[in-house]
2 protein chains.
Amino acid sequence: MVAIHLENPPKKDVNLNWEEPTSTFSLREIESKSLKEGELRVKLNYLSNDPTQRTWMAANQKESRQYIAPILKGDIIRSIGLGEVLESRSDKYAKGDVVVGLMGWASEIIVSEAAISAKVDKSLAPELYLSSLGMTGLTAYFGLKNVGQIKEGQTVLISAASGATGSMAVQLAKHLFKASKVIGIAGSAEKVEWVKSLGADYCANYREPDYLKKLDEYIGEDYVDIYFDNVGGEQLDFGLTHVKRYGRIVACGAIAGYNDNSKLIVKAWPEIIMNRLNVQGFIVFDFANEFPQAIGELSAAVKNGLVKASEGATVIDIHGDWKAVPKTWFKLFTDEKPKGKLVTKL
Amino acid sequence: MVAIHLENPPKKDVNLNWEEPTSTFSLREIESKSLKEGELRVKLNYLSNDPTQRTWMAANQKESRQYIAPILKGDIIRSIGLGEVLESRSDKYAKGDVVVGLMGWASEIIVSEAAISAKVDKSLAPELYLSSLGMTGLTAYFGLKNVGQIKEGQTVLISAASGATGSMAVQLAKHLFKASKVIGIAGSAEKVEWVKSLGADYCANYREPDYLKKLDEYIGEDYVDIYFDNVGGEQLDFGLTHVKRYGRIVACGAIAGYNDNSKLIVKAWPEIIMNRLNVQGFIVFDFANEFPQAIGELSAAVKNGLVKASEGATVIDIHGDWKAVPKTWFKLFTDEKPKGKLVTKL
C-alpha cells in the first residue's frame, strides 16, 4: 500500500521532481490500520483531477478562510476518487460496492462513510461519476441554476468552456436551461470546435491576440445576462464589461491565478457599481442537500442525449506508475490540459 | 446668466486652469429661453458636490454602460442643486418654491419637473437636502438596508467613513439599524475622531502605514458581516479578506480610482469564491420609488437626534466667484476634502 503525501506545501510553485528535497510530493508506504465504526477501506481505481486541490495545499492562506481544511505537510493528498469497498464497518456500504467520494492519492484508503457521496451504478461508465454526474457536473448545474438564476432565452458567456465544469455549463445552459445564446472561451482551435459541438453558438480561442475583439462581436450590442467565470483576470475583466445592467457574475473559479496571483488582478470593478451587477461566489458543497435531485436531473440529461457525457472525460491510465499521479494532475495548469474532465486510472 | 460648460472631457486628469486651452471647463454667458410645458426656471442657491460627477464627464466609457447619459463637450456640467423657482409651467411646483433636483453649474437653469426630487421645507437648513436627506443620505440608507440587508447586531466595515455617504452610513448602521460594531476608515486623525463621535466603535486612518493591521485588530477573529465600500483598491482588498463567509459587499463607490485607475486594481477576488461572498453594485436611483418612505425615516432620525445632521455638511460660500465652483468640487479628490458632505453656496 502506497500513498502520495504533501512534503513541501507550495508557496507559489509546485515542484514535481521527486528526487529533489524541495519536491512538493513524496511517495511513501503506508501501514494498514483496523477500521473504526462507520469507516470503509476502499481500493482506489480512479482519481478526479481538480484545480481546487491546488488551493487545498496552499501554504499561505489563513486556515479559517479556506472552504475546507488545508492539506498539511505529511498528509495524504486529498482527492475525489472512485473505488471498490474492500472492507466495511458502515451500514450504508458493503464489501464489493463501488463508491465515489472524498478520498486521496493512495492505492488503498480508509475513509468515513460521510466522505462517500454516491454508490456507483456499475452499468454506467465509472468516469461519469467523476465528470458529468460528479462534482464538476454539479458545479455547472448549481452555478447556472441557483447562482446564475438562469432563465430560458437568456444569454451566457462561459470561460474555460472546454474544461470539466465549463463544458458541462455549455451543455446545460444550451440544452437543459434553453439559453438563447451561449458563448464560450477556450484555449485552442480544437477545443473551440469541441465547445461548439457541445452546443455553444460561438467560442473564441484566448490564445489568439484578437480574441476579446471576437468575443465582443459574438456578444453584439445586447451584452449577456450571465458570465460564468472559471478563470479570473483578463477574461473576468471582459465579462464584467459585457454583462447587462443588473446582470449576474457566477464566481466559480480562478484558474488563471492558481500558479501566478498576478494574473488574477481585476481592473473593471467599477462596472459592478455602474451597472449594478451581482457577483456571487459559491462552492458546490453549499448545495449538498440538493445533490440527489440534481444527480437525477443530470442522469436524465445524459440518458436522453442532452449532455454528451461520453466525450466529457479524458481518462489517463498510469498503469501503476505513481509518479504519474501528480504529473497528470498538473496538466490542469499547463497547455497539456485536455478537453473536459481529466481522470486518472490507477 | 452664466453657466460652466464641459470644454475638454477629461481622459484622465481634470485641468482646472481656465486660462489654458486644455482646460476641462469654460464659463460662458447663456441666453434666456422661454419655458416649455412641464418646465421650471430655477435660480440656483446651492450645489451638491459628488464624486460621481467625475464619471459623468469621462470621455473613455461606452455611453451605454454609464448609469446616466454622459456630459458631452459643450454641455453644462450637471449637478444636484437647490434653488428657487423663478417661473413655472409645471402644475407641481410654483414660483417661489424652493426645490432640489438634478440641475447644473449655472446661475439659472431650465429643468423638467421630472428632474426635481423634492420641494424643500423652508424651516429646515437647505444643505440638509443635499446631505442627510439628499442623495448621499439615501445612498447610505439603501446601501445598508436593501443592498447590505443589514440586521440588528451585525458588524459593518465602512470606507470613506468621513465622507458624505460614509458618515451617514456610520450613523445609520449604528443608531438606526443597531449594528453591534461599526468600524470606519478615514483619512486623518481629526476625521477618525469625528467618525467615532458619530457612532463608530473604531476607526483607522488610512494615511498611517499600519492602518490595515489596526483594522485587523479592530475586526478581531469574527470578521464582519458587511463591507460598505466607497473606495475600491487596497481597502476593498482588505474588505474582501475580512468579510465573513456568506457575507456581503455593498459596492457603492470607487473614489480611489476616479483620478488614477491603477489604484482600483483588485487582487483578492478569489475570496469571493472561497468564502461565497455576495457583491452587489447599486446606484441610489435604483430605489427612487422608495425615496418618500426613506426620506420620512431619515427626517425622523434627524429630528430625534439619531443622525447628527448639523455636522454632516461643510458649506463653502464662493461669493459669486464662479471659478471657485469646479475648484471646490475638485477638493473631493484631494487632501482638502472636508468631513461629511461638501456643499457650494453660490
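Please read these numbers as outputs of a predicted model, since none were measured by experiment.

A.B. asks: Can you break down the pairing of strand β3 (residues 39-48) of chain A residue by residue, with the values?
C.D. replies: Residue and element names in this part refer to chain A. Taking burial as the measure, the ten residues of β3 include eight buried ones, the bulk of the element. With five bridges joining them, β3 and strand β6 (residues 108-112) adopt antiparallel strand pairing. For E39, the partnering residue across the bridge sits in β6 and is S112. Two elements, β3 and strand β4 (residues 78-88), share seven bridges in a ladder whose sense is antiparallel. In the sheet register, Y46 faces β4, and the bridge partner there is L82.

A.B. asks: Explain the pattern of salt bridges to me, and be specific about the residues and the numbers.
C.D. replies: Evaluated as defined, the whole model comprises 30 salt bridges over all chains. Linking K331(B) and E336(B) is a salt bridge whose minimum nitrogen-to-oxygen distance equals 2.9 Å.

A.B. asks: Quick one: what's the story with the nonpolar core, residue by residue and with numbers?
C.D. replies: Soluble globular proteins tend to pack their nonpolar side chains together in the buried interior. Ranked by size, the top nonpolar core spans 124 residues in total, and within it W269(A) and W269(B) carry the most contacts. Non-local contacts of W269(B), meaning those with residues more than four positions away in its chain, are made with D229(A), L236(A), L240(A), I249(A), A251(A), V266(A), W269(A), I272(A), V279(A) and L240(B). Grouped together as the second largest cluster of nonpolar side chains are 53 residues, F177(B), C252(B), A301(B) and V343(B) included.

A.B. asks: Could you give an account of the domain arrangement of chain A, naming the residues involved and the relevant values?
C.D. replies: Residues and elements named next belong to chain A. When cut into domains, chain A gives domain 1 (2-131 + 312-345) and domain 2 (136-284). A C-alpha centroid distance of 28 Å is found between domain 1 and domain 2. Every contact between the two is made by 19 residues of domain 1 and, on the other side, 14 residues of domain 2. A buried area of about 1,400 Å², summed over both sides, lies between domain 1 and domain 2, and 56% of it is on carbon and sulfur atoms. The tally of links from domain 1 across to domain 2 stands at two salt bridges. For E190, the salt bridge identified is with K339, shortest N-O distance 3.6 Å. The interface formed by domain 1 and domain 2 contains five residue pairs in polar contact (both at pLDDT 80 or more). Here the side of domain 1 that touches domain 2 takes three residues from helix α1 (residues 52-56), the largest share from any one element.

A.B. asks: Describe the packing of aromatic side chains, naming the residues involved and giving the relevant values.
C.D. replies: What the rule picks out here adds up to 26 aromatic pairs over all chains. With 5.1 Å between their ring centres and 90° between their planes, Y141(B) and F142(B) make a pair best called edge-to-face. By the burial criterion, Y141(B) is buried, and F142(B) matches it. Linked through ring pairs, Y141(A), F142(A), F177(A), F282(A), F287(A) and F291(A) together constitute an aromatic cluster. Geometry around W56(A) places R78(A) over its ring, the cationic atom sitting 5.4 Å from the centre.

A.B. asks: Tell me what's going on with the interface of chain B and chain A, and back it up with residues and numbers.
C.D. replies: Each partner contributes residues to the interface: chain B has 43 residues there, and chain A has 43 residues. Both sides of the chain B and chain A interface together cover about 3,600 Å² of buried area, and 53% of this is carbon and sulfur. Considering only the surface of chain B that becomes buried against chain A, R65(B), W269(B) and M274(B) emerge as the three largest contributors, covering 25% of it. At the junction of chain B with chain A, the criterion picks out two salt bridges. In this structure, the salt-bridge partner of R276(A) is D286(B), at a minimum N-O distance of 2.8 Å. Run the count over chain B and chain A and you get 15 residue pairs in polar contact (both at pLDDT 80 or more). Elements supplying a minimum of two residues to the side of chain B that touches chain A: α6 (233-242), β12 (243-251), α7 (270-274) and β13 (278-281) of chain B. Partitioned by chemical class, the residues of the side of chain B that touches chain A number 22 nonpolar, eleven polar and ten charged. In terms of strand pairing, strand β13 (residues 278-281) of chain A meets β13(B) through three bridges, oriented antiparallel. Bridge pairing links V279(A) to V279(B) in β13(B).

A.B. asks: Account for the relation of the copies chain B and chain A, naming residues and giving values.
C.D. replies: Structural alignment of chain B on chain A gives an RMSD of 0.1 Å, achieved by rotating through 180° and translating 0.0 Å along the axis. Overall, the copies show the geometry of a two-fold rotation axis. The share of interface residues of chain B whose copies in chain A are also at the interface is 100%, consistent with both copies meeting through the same surface.

A.B. asks: Account for the environment of K263(A), naming residues and giving values.
C.D. replies: Residues and elements named next belong to chain A. Following the sequence through the fold, K263 ends up in the loop between β12 (243-251) and α7 (270-274). On the basis of relative accessibility, which here comes to 52%, the residue K263 falls in the exposed class. Distance in space between the C-alpha atoms of K263 and E234 is 7.6 Å, their sequence separation being 29 residues.

A.B. asks: Give a description of the pairing of strand β9 (residues 181-186) of chain B that names residues and reports values.
C.D. replies: All names here are of chain B. Burial analysis of β9 places five of its six residues in the buried class, the great majority of the element. Note: strand β8 (residues 155-158) against β9, four bridges, orientation parallel. Bridge pairing in β9 links T155 to K181. Each parallel crossover has a hand, and for β8 linked through helix α3 (residues 164-176) to β9 it is right-handed. Direction of pairing for β9 relative to strand β10 (residues 202-205): parallel, over a ladder of four bridges. Within β10, the position partnered with I183 by the bridge is Y202. Tracing the backbone out of β9, into helix α4 (residues 189-198) and back to the parallel element β10 gives a crossover that is right-handed.

Conventions and cut-offs
Numbering of residues starts from 1 in each chain and follows the order in which that chain's sequence is written. As they are written, the chains are lettered A onward and the ligands numbered 1 onward, keeping that order. Local features in this predicted model are restricted to residues of pLDDT 70 or higher, and side-chain atom pairs are both shown and tallied only at a pLDDT of 80 or more, whereas totals for entire chains, interfaces and linings draw on every residue. Side-chain figures throughout are based on the complete set of non-hydrogen atoms in the structure, without hydrogens or water. Between buried and exposed lies partly exposed: a residue is buried under 20% and exposed over 50% of the maximum accessible area for its type, with that area taken using a 1.4 Å probe on protein chains only. We count a stretch as a helix when DSSP gives it H or I for four or more residues in a row; a strand needs E for two or more, and each element gets its number in order from the N terminus. Being paired, for any two strands, means DSSP has found at least two bridges between them. Just to be clear on terms, a salt bridge is a Lys or Arg side-chain nitrogen sitting within 4 Å of an Asp or Glu carboxyl oxygen. Among buried residues, the Ala, Val, Leu, Ile, Met, Phe, Trp, Tyr and Cys ones that are joined through side-chain atoms within 4.5 Å form a nonpolar core. The contact criterion used throughout is that any non-hydrogen atoms of two residues lie within 4.5 Å. Bear in mind that the domain bounds are from an automatic or database domain assignment. In short, buried area is how much 1.4 Å probe accessible area vanishes from two parts on joining, totalled over both. N or O atoms within 3.5 Å of each other form a polar contact, as long as, within protein, one can give a hydrogen and the other can take it, and as long as residues adjacent in sequence are counted only when both atoms are side-chain atoms. A pair of Phe, Tyr and Trp rings is counted when the ring centres sit within 6.5 Å of each other, with Trp represented by its six-membered ring. The angle between the planes then sorts it: under 30 degrees is stacked, over 60 is edge-to-face, the rest tilted. To sit over a ring, a charge needs its Lys NZ or Arg CZ within 6 Å of the ring centre and within 35 degrees of the ring normal. Ten residues, namely Ala, Val, Leu, Ile, Met, Phe, Trp, Tyr, Cys and Pro, are considered nonpolar, four, namely Asp, Glu, Lys and Arg, are considered charged, and the remaining ones, Gly among them, are considered polar. Least-squares superposition of the copies uses the C-alpha atoms of those residues scoring a pLDDT of at least 70 in each of them. Orienting the strands away from the viewer, one traces the path from the first strand over the helix to the second; a clockwise path indicates a right-handed crossover.

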